[in-house]
Amino acid sequence: VHGTTDRIDGCPVTEMMATGKRVTATLPVGSRIFRVTADPLFDESGRFAGALHIMSDVTQQEHAEKILHDLVLQQEAILGNIPDMAWLKDDQGRFLAVNEAFARASGAAPAGLIGKTDLEIWPRELAERYRSDDREVMQSGKRKTVEEPLSDKQGKTGWIETIKTPIIDGAGHVVGTTGIARDIT
């Protein structure tokens, strides 16, 4: 691939020869990106006899991972700058992302809420109500605005205006909901 017998900086074969162990590295070669694995081969007496050198072109995978990483950063930037409670849920009602305002109201860290449902966060009566609204939004495929109570972890009850919207995938299927809620107490 590199068109030379000279040693290439970062080439896993060099490290593999020094350590006698498998080494994997991701290397740019021209405009492509390769994942290179070098495995040592030993003869019957245990002496180094050569190497198995496997290369995979991972240019598209690396590009897709960068796009995904950038999208996550953009989502975090949006959620992090919304002063109202905001969230994304999957079609089973599990939280995929929440912002700091949501986390404060629930009394938990944002990362601790990922994968949980309303039933694990809010009082049962409120959670059932929120889940019912989610089901309605997913079944109708339409946005819904409601005024509803919210009890935070300190036991303080207030009123919020909530806007819930279906999340639609590229094939036109509803795959969850997103919402934003503002304190209107």
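Residues numbered from 1 in each chain as written. Predicted model: local features only at pLDDT ≥ 70, side-chain atom pairs only at ≥ 80, totals over all residues. Heavy atoms only, no water.

Novice: Describe the sheet that holds strand β4 (residues 85-90), and please don't skip the residues or the numbers.
Specialist: Ordered by their spatial adjacency, five strands build an open sheet running β5-β4-β8-β7-β6, and the pairing between neighbours is antiparallel. The open sheet has two free edges, formed respectively by β5 (95-98) and β6 (144-151), since each of these has just one partner strand. The average angle at which neighbouring strand axes cross in this sheet is 25°, direction not considered. The strands touched by helix α2 (residues 59-80) are β4 and β5; relative to β4, the strand with the most contacts, the crossing angle is about 140°. Where helix α5 (residues 124-140) meets the sheet, it contacts β4, β6, β7 (157-168) and β8 (174-183), and its direction lies at approximately 165° from that of β6. (Pairing = 2+ DSSP bridges. Helix = DSSP H or I, 4+ residues; strand = E, 2+ residues; numbered from the N terminus. Axes fitted to C-alpha atoms, helices over the stretch in contact; angles between N-to-C directions. Contact = heavy atoms within 4.5 Å.)

Novice: Describe the packing of aromatic side chains, and please don't skip the residues or the numbers.
Specialist: The tally for this structure, following the rule as stated, stands at five aromatic pairs. Taking 6.4 Å as the distance between ring centres and 80° as the angle between the ring planes, the aromatic pair formed by Phe42 and Phe48 counts as edge-to-face. For Phe42, a relative accessible area of 45% corresponds to the partly exposed category. Measuring from ring centre to ring centre gives 5.0 Å for Phe95 and Phe102, while their planes differ by 55°; the resulting arrangement is tilted. Residue class for Phe102 comes out buried when judged on its relative accessible area of 2%. Through a chain of ring-to-ring contacts, the aromatic side chains of Trp87, Phe95, Phe102, Trp122 and Tyr130 assemble into a single cluster. (Phe/Tyr/Trp six-rings, centres within 6.5 Å; stacked < 30°, edge-to-face > 60°. Buried < 20%, exposed > 50% of the residue type's maximum accessible area, 1.4 Å probe, protein only.)

Novice: Tell me about the pattern of salt bridges, residues and numbers included.
Specialist: Per the stated rule, a full pass over the model turns up 13 salt bridges. Across the salt bridge formed by Asp43 and Arg47, the nearest N and O atoms sit 3.3 Å from each other. Its salt-bridge partner being Lys144, residue Asp133 comes within 2.9 Å of it at the nearest N-O pair. Separated by 11 residues along the polypeptide, Asp133 in helix α5 and Lys144 in strand β6 bring together distant segments of the chain. As far as the burial class goes, Asp133 and Lys144 line up, both buried. What emerges from the salt-bridge pattern is a single network uniting Lys89, Asp118, Asp134 and Lys164. (Salt bridge = Lys/Arg side-chain N within 4 Å of Asp/Glu carboxyl O.)

Novice: Help me get a handle on the environment of Asp169, residues and values and all.
Specialist: Inspection of the secondary structure assignment puts Asp169 in the loop between β7 and β8. Overall, the relative accessible area of 28% leaves Asp169 in the partly exposed class. Separated by 2.9 Å, the side chain of Asp169 and the backbone nitrogen of Ala171 make a polar contact. (Polar contact = N/O pair within 3.5 Å; in protein donor to acceptor, adjacent residues only side chain to side chain.)

Purely geometric stuff here, so don't read any function into it on its own.
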